[in-house]
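# Coordinates in review
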Amino acid sequence: NISSFEAHKFFDNNFFDFVYFDAIILPGVKNDLFNFSQQVKDDGYIICNDYIYYDYIAFCYYGVMQAVNEFAISMDGKYAITHYLKTIFKMLFKKF
């Protein structure tokens, strides 16, 4: 087993057609987004689960929304939010 903090180092840039993240803690989500963004192909996607601010069932805050928004802003148009799938709270980025 290896964590995502290390796993991204084993893949070349432009390796993945898409990556899917199912993390909720802000530092982990931010690290995954920034660490794996170079490994996504130029026409690829980043998909983030749980794009919500607060989980009213588990009664806890999620860091996904903040991490995704900060990532989108910092990428200067290299990624764009293309879909928000409200029914399952997934955020889809398109790489340009």
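Quick note: structure is the one above.
Not measured: the values here are computed from a predicted model. (Residues numbered from 1 in each chain as written. Predicted model: local features only at pLDDT ≥ 70, side-chain atom pairs only at ≥ 80, totals over all residues. Heavy atoms only, no water.)

### Topic: helix H3 (residues 64-74)
Note on helix geometry: an α-helix contains 3.6 residues per turn, so any two residues three or four positions apart are oriented the same way. Spelled out, the test is: Only protein chains enter the calculation, and the probe is 1.4 Å; a residue is then buried if its accessible area is under 20% of its type maximum, exposed if over 50%, and partly exposed in between. By the criteria applied, helices consist of DSSP H or I runs no shorter than four residues and strands consist of E runs no shorter than two, each listed in order from the N terminus. It is the directions from the helix axis to the C-beta atoms that the arc portrays.
Here H3 has its buried residues at Val64, Ala67, Val68, Phe71 and Ala72. Along the long axis of H3, the arc covered by the buried residues comes to 130 degrees, so they all point the same way. Note on H3: the residue one or two positions beyond its end, Asp76, has a positive phi of about 50 degrees.

### Some remarks on the pattern of salt bridges
Pairing between side chains becomes possible if they bear opposite charge and their charged atoms approach one another. The cut-off we apply is this: The salt bridge definition used is simple: a Lys or Arg side-chain nitrogen within 4 Å of an Asp or Glu carboxyl oxygen.
Evaluated as defined, the whole model comprises three salt bridges. The salt bridge partner of Lys9 is Glu6, with a shortest N-O separation of 3.0 Å. Classification of Lys9 by relative accessible area gives exposed; the value is 54%. Residue Glu6 is classed as partly exposed on the basis of its relative accessible area, which comes to 36%.

### Remarks on the pairing of strand E1 (residues 16-21)
Remember that side chains alternate between the two faces of the sheet whenever the strand is regular. Spelled out, the test is: A pair of strands is labelled paired if DSSP reports no fewer than 2 bridges between them. The handedness of a crossover follows from its direction of travel: if, with the strands pointing away from the viewer, the path from the first strand over the helix to the second runs clockwise, the crossover is right-handed.
Of the strand pairs in this sheet, E1 and strand E2 (residues 40-48) are connected by five bridges, and their pairing is parallel. By the bridge assignment, Phe16 is partnered in E2 with Val40. Chirality of the crossover, the property in question, places the unit of E1, helix H2 (residues 26-36) and E2 among those that are right-handed.

Any functional reading would require information beyond the geometric quantities listed.
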